[in-house]
Amino acid sequence: MSKRTAQGEISHGVEMFSKYKNLLFELTRKNISLKYRNSWLGIFWSFLQPLLNMIVLSVVFGGLFGKSNKHVICYPVFLFTGRLLFDFFNSATKQSMTSFRRNAAIIKKVYVPKYMYPLSSIFSTFVTFAISILCLIFVWVFFKLTGVSNGHALELSWRALLCFVPMFLILVFSVGVGFILAVLNVYFKDIEYIWDVLTRLLLYMVPILYPLQRIETRWIIVIIKINPLYSMIELFRQCVLYGMPMSWKLLAYAAAAAFITLAVGVFIFDRKSDDLIYHL
């Protein structure tokens, strides 16, 4: 592909995105509305659900990982910060994966750039994720003021404002993974069940319920650190939980993994986008 052709395709892609950006907004809004349709509490569940999950998991695992552990400042907040990012990644990729099949009837009748469907699914999940950050603030303040679960050790720092960096990186990473899964799901419906199993495994292979320091087997530690989710969650905790500067090594690795995954996802989607309609 010549340089001129590549520039032409990029220019055309930007032009098409600008043309349909309002549609992306409407699809995102529709996904949020449908998620909470017929629910009494509506979007308030974005606040309440992570809070309830934190309470249950803190009761179950707090005695095992939260007490007499110098590597955990406040176990409920430690748990909340990890589970919040993981739940976003889990929900975003699953919603993106099924987006083509859910919208098959529209895709066959009306032309719009097909990437709008997985992208709107991820963005709608990110909106609820952003709302859940308000719940995190509430939880952080509660434990800081009461001192429960060693909450008095929490430190308020301006570095907490940098939490948008790992949030942005996990969004980019989720878009890349979501594009790949969305294409695969059109050809292999079993990918839904495979991904469900893999995400359940990921929940325990990323230090969400436990600190990494509790792992003593070296090769398991290496596997955990290779996972980009570990770097993104750890960066988020460094900002919000520990109030310390972000590790440049983790930041560089997380950024490289996120944007490489996005590039792979866009490449696969671009190669298969015209063929998808014949398999829906």
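Scope of this entry: the structure provided in the associated data block. Since we're looking at a predicted model, the values are computed, not measured.

Attention now goes to the packing of helix H4 (residues 75–97) against helix H8 (residues 164–187). Any two packed helices are characterised by how steeply their axes cross, that is the angle between the axes, and by the distance between the axes. Close contact between H4 and H8 brings their axes to 7 Å; oriented N to C, the two are set at 30°. Taken as axis vectors, H4 and H8 run roughly parallel relative to one another. By crossing handedness, the relation of H4 to H8 is classed as right-handed. Between H4, through Leu85, Phe88, Phe89, Ala92, Thr93, Ser96 and Met97, and H8, the contact on the second element is made entirely by Ile170, Leu171, Phe173, Ser174, Val177, Gly178, Phe179, Leu181, Ala182 and Asn185. Residues belonging to the contact of H4 with H8 are distributed by class as follows: 12 nonpolar, five polar and no charged.

Next up on the list: the packing of aromatic side chains. Under the criterion given, the structure shown has 11 aromatic pairs. Taken together, the ring pairs connect Phe100, Tyr115, Phe179 and Phe269 into an aromatic cluster. If you follow arginine 237 out to its NZ or CZ, it ends over the ring of phenylalanine 78, 3.7 Å from the centre.

Time to look at unusual backbone geometry. Note: most peptide bonds trans; most residues except glycine with negative phi. A positive phi angle, close to 55°, is found at serine 149, a residue other than glycine. Tracing the backbone shows serine 149 in the loop between helix H7 (116–146) and H8. For serine 149, a relative accessible area of 37% gives the class partly exposed. One non-glycine residue, asparagine 150, lies in positive phi territory at about 65°. You can see asparagine 150 is positioned in the loop between H7 and H8.

Structurally, phenylalanine 188 is set in the loop between H8 and helix H9 (191–205). The class for phenylalanine 188 is exposed, based on a relative accessible area of 53%. The sequence separation of phenylalanine 188 and histidine 279 amounts to 91 residues, and the corresponding C-alpha distance is 9.9 Å.

What counts, and at which threshold
- Residues numbered from 1 in each chain as written.
- Predicted model: local features only at pLDDT ≥ 70, side-chain atom pairs only at ≥ 80, totals over all residues.
- Heavy atoms only, no water.
- Axes fitted to C-alpha atoms, helices over the stretch in contact; angles between N-to-C directions.
- Helix = DSSP H or I, 4+ residues; strand = E, 2+ residues; numbered from the N terminus.
- Parallel < 35°, antiparallel > 145°, perpendicular 65-115°, else oblique.
- Left-handed = near helix turned anticlockwise from the far one by under 90°.
- Contact = heavy atoms within 4.5 Å.
- Nonpolar A, V, L, I, M, F, W, Y, C, P; charged D, E, K, R; others polar.
- Phe/Tyr/Trp six-rings, centres within 6.5 Å; stacked < 30°, edge-to-face > 60°.
- Lys NZ or Arg CZ within 6 Å of the ring centre and 35° of its normal.
- Buried < 20%, exposed > 50% of the residue type's maximum accessible area, 1.4 Å probe, protein only.

Such coordinate-based values are descriptive only and should not be taken to indicate function.
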